[in-house]
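# Architecture at a glance
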Amino acid sequence: MNKSDSFITIEREIIQMKKDQSKIIREQAPRSASREHSVPLYLTSSFIFDNAEQGRAIFAEEESGMVYSRYANPNTAEFINKVCIMEDAEAGLAFSSGMAAVFASFAGFIGQGDHIVSARALFGSTHQLLTQLFPRWGVTHTYVDAVDNEAWERAIQPNTKIVFLESPSNPGLELADLAFLGALKEKHPHVIFAIDNCFATPYLQKPLQYGFDLSIHSATKYMDGQGRVLGGVIVGKQDLIDQLMFFIRHTGPAMSPFNAWVLSKSLDTLSLRMERHCSNALALAETLERHPEITDVKYPFLPSHPQYDLAIKQMKAGGGIVTFEVKGGATRAFRFLDALRMILYTSNLGDARSIATHPGSTTHSKLSEEERLSLGIKPGSVRLSVGIEDKDDIIGDIVQALEVSSDKNG
Ligand SMILES: *Cc1c(COP(=O)(O)O)cnc(C)c1O
């Protein structure tokens, strides 16, 4: 879907809107004959042609228009247009899940003999794609430490097709230097630079402005923001999105109109929610840093973060994830998690409700102890997705759970 197919139909609104936030709120599928104010849900698998000639012209791509919801649908198009505005992107595509988007960002481009350079700290399923699935297709990869600029440069080979990373990483919250990578892209114009921008969201970080080709999101996380639906999105350069359109049309990972309808509404409040996620997370990180039962607090906007200077340069705020180690290893971490009263243990993040997880025994349990340590995951590491409840209640729950789970009481 092309951003120029933007749906805004009311001239008055176009003229008045100078700021992205206003454009996001006002972006809407064309009004139907019913003159509805809020966008309807377009539960339709196909779209009718006015006549046989129009059918021919649309299939011949002489005329634009929707055909079938595997290709495009008014709800998914509205969602995509909003993400394009947020990321300052030329075009985008919506997917049934974040992993469908991540998979397409590779599978839409790679072929036998190609090579991928990727940051080592990756979402678990992305790691499985690179290490289990793509080798079967004759595609190799090199992992690098995202913080090591020279390592990125050294890893690129003549057959490198894609450079891929997440920043901040999960759960170690290490940052890749986006300006450096944008400059590296200029030296290697034929390599596709793709970033999974899910943790930062377009509100905190806009990688395309540094020269990245594609920015990918699991919309399941902050974009939904309330833990309801799965979704994924890729935005970026028009020619690459066109290539991916071919992939999506013929492989079928399209987002459902219902999920797009939910997610599009959620984007209207993304900036407000992110501000609260970030201010709560910073307050929590500062409190935990002073707590005697906690070590190794990681949060990009804490001055103690090894890449604090880079964080304040490339992110608007520190994000909603705080990672820390409770003293006493895995046993204590389990006791701590079980002692939380308000905060729930579930494997999602980016929800309005705070969520705690133990990466070592869940999301990263398939890795070896050594691999985990290289990603900063210790037996006592806990990842907190800080919600938008009142910060005093979040901090209060954590402090009481530390108290209850301490050796003195255990
Ligand atoms: C959750 C997540 C994904 C996968 O998204 P799904 O919507 O669960 O398929 C990919 N990357 C990151 C960084 C994630 O957090």
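First, a word on scope: everything that follows refers to the structure included in this document. (Residues numbered from 1 in each chain as written. Predicted model: local features only at pLDDT ≥ 70, side-chain atom pairs only at ≥ 80, totals over all residues. Heavy atoms only, no water.)

## Structural notes on the overall build of the protein
The following threshold applies: Numbering of helices and strands runs from the N terminus, with a helix taken as a DSSP run of H or I at least four residues long and a strand as a DSSP run of E at least two residues long. For this measure, only C-alpha atoms enter the radius of gyration; the expected value for a globule follows 2.2 Å times N^0.38, where N is the number of residues. Each residue is assigned to one of three classes by its accessible area relative to the maximum for its type, calculated with a 1.4 Å probe on protein chains only: buried under 20%, partly exposed between the two thresholds, exposed over 50%. Here, two residues are considered to be in contact whenever any of their heavy atoms come within 4.5 Å of each other. Each accessible area value is a Shrake-Rupley result obtained with a 1.4 Å probe; residue values ignore everything except the protein chains displayed when judging cover. Working convention for charge: Lys and Arg count positive, Asp and Glu count negative, and His plus the chain ends are omitted. Each charge is placed at NZ for Lys, CZ for Arg, CG for Asp and CD for Glu.
Tallying secondary structure elements over the protein gives 16 helices and 12 strands in all. For a compact globule of 410 residues, the expected C-alpha radius of gyration is about 22 Å, and the protein comes in at 22 Å, within 12% of that figure. With 410 residues in all, the protein has 56% of them scored as buried. Across the protein, the fraction of contacts at a sequence separation of at least 24, relative to all contacts at a separation of at least 6, is 71%. Surface exposure of the protein reaches about 17800 Å², of which carbon and sulfur atoms provide 53%. Computed over 40 positive and 49 negative side-chain charges, the separation of the two mean positions in the protein equals 3 Å.

## Examining the sheet that holds strand β4 (residues 160–166)
Put simply, the test is: DSSP bridges decide pairing: two strands pair if at least two such bridges lie between them. For helices, the fitted line uses only the C-alpha atoms of the stretch in contact; every axis is such a line through C-alpha atoms, and the angle between N-to-C directions lies from 0 to 180 degrees.
Read from one edge of the open sheet, seven strands run β1-β7-β6-β5-β4-β2-β3, paired in mixed fashion. The sheet terminates laterally at β1 (91–95) and β3 (140–144), the two strands that pair on one side only. Put simply, the sheet's adjacent strands are angled 20 degrees from each other on average, direction ignored. Bridge count between β1 and strand β7 (residues 232–236): five bridges; the pairing is antiparallel. Within β7, the position partnered with G92 by the bridge is V235. Together, β2 (115–119), β3 and β4 form the strand contacts of helix α6 (residues 124–133), whose direction differs from that of β3 by roughly 135 degrees.

## Section: the side chain of S215
Rules: Whenever two N or O atoms come within 3.5 Å, that pair is a polar contact, provided that in protein one can donate a hydrogen and the other can accept it, and provided that, for residues adjacent in sequence, both atoms are side-chain atoms.
Checked against the element boundaries, S215 lands in strand β6 (residues 214–218). Judged by its relative accessible area of 0%, S215 is buried. A polar side-chain atom of S215 sits 2.8 Å from a polar atom in the side chain of E87. With residues up to four places along the chain from it excluded, the contact list for S215 reads E87, I195, N197, P207, L208, V233, I234 and V235.

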